[in-house]
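# Understanding the architecture of this molecule
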Amino acid sequence: MTDLYPDLHNWLSQQPHGLRTFRTFQQKLEILSRDGPEQRGVCRLLSGLVGNYVETFDEEPLPVAVADRAYGRLLDLVASLDLKGNPDRRLADINRVASCDLLN
């Protein structure tokens, strides 16, 4: 199994809060999904979450406060994932990602 949390969380925690980070995050999720098929669901949901955020501000000015808040939410969300947890925990993680909104 690809160990999503440490590598992805460590990388994300060292990045600036701009849209480029979110786009690169999506690319990393694609690789992780391909390399760890058992994590495909959570990777796809995370990618969709980030994609919605990027689409909202694509070609628009991104207020610093909004970028900081979205980045913090994403970082906290990734930190909360337990991909080695039992099926109930993993389902709870998937549901939490599916209900997350980086803007509100």
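Every residue gets a number counted from 1 within its own chain, in the order that chain's sequence is written. The predicted nature of this model means local features are confined to residues of pLDDT at least 70 and side-chain atom pairs, given and counted, to a pLDDT of 80 or more, with totals for whole chains, interfaces and linings taken over all residues. To get the side-chain values, take all heavy atoms of the structure and skip hydrogens and water.

Our next topic: the environment of Leu29. Structurally, Leu29 is set in helix α2 (residues 19-35). Buried means the residue's accessible area, taken with a 1.4 Å probe over protein chains only, is under 20% of the maximum for its type, while exposed means over 50%, and partly exposed covers the values in between. Accessibility expressed as a relative area gives 1% for Leu29, which makes it buried. Once the C-alpha coordinates of Leu29 and Gly18 are considered, the two residues, 11 residues apart in sequence, prove to be 17 Å apart. Comment: elements are numbered from the N terminus, with helices defined as DSSP H or I runs of at least four residues and strands as E runs of at least two.

We call a set of buried residues a nonpolar core when its members are Ala, Val, Leu, Ile, Met, Phe, Trp, Tyr or Cys and they connect through side-chain atoms within 4.5 Å of each other. Counting residues in hydrophobic clusters, the biggest one holds 28 residues, and the most contacted among them are Leu12, Phe22, Phe25, Leu46, Tyr53, Leu74 and Leu102. Note on contacts: a residue pair qualifies if any of its non-hydrogen atoms lie within 4.5 Å across the two residues. Not counting residues up to four positions away in its chain, the partners in contact with Phe22 are His17, Val50, Tyr53, Val54, Ala70, Tyr71, Leu74 and Leu102.

This part is about the state of the cysteines. Note on terminology: pairs of cysteine sulfur atoms within 2.5 Å are recorded as disulfides. With the rule as written, the count across this model stands at zero disulfides. Of all cysteine sulfurs in the structure, the one in Cys100 sits closest to Cys43, which takes part in no disulfide; the separation is 15 Å.

Along the chain, Ser33 falls in helix α2. Judged by relative accessible area, Ser33 falls into the buried class, the value being 13%. Sequence-distant contacts of Ser33, that is, excluding residues within four places in its chain, are made with Arg40 and Cys43.

One speaks of a salt bridge when a side-chain nitrogen belonging to Lys or Arg is within 4 Å of a carboxyl oxygen belonging to Asp or Glu. Under the criterion given, the structure shown has five salt bridges. A salt bridge links Asp58 to Arg23, with the shortest nitrogen-to-oxygen separation between them at 2.9 Å. With Asp58 in the loop between α3 (40-57) and α4 (64-80) and Arg23 in helix α2, this residue pair connects regions lying 35 residues apart in the sequence. On the basis of relative accessibility, which here comes to 33%, the residue Arg23 falls in the partly exposed class. Among the salt bridges present, the one from Arg89 reaches Asp82, with a minimum N-O distance of 3.9 Å. On the basis of relative accessible area, Arg89 is assigned to the partly exposed category, the value being 32%. Several salt bridges share partner residues, and in doing so they unite Asp82, Arg89, Asp93 and Arg96 into one network.

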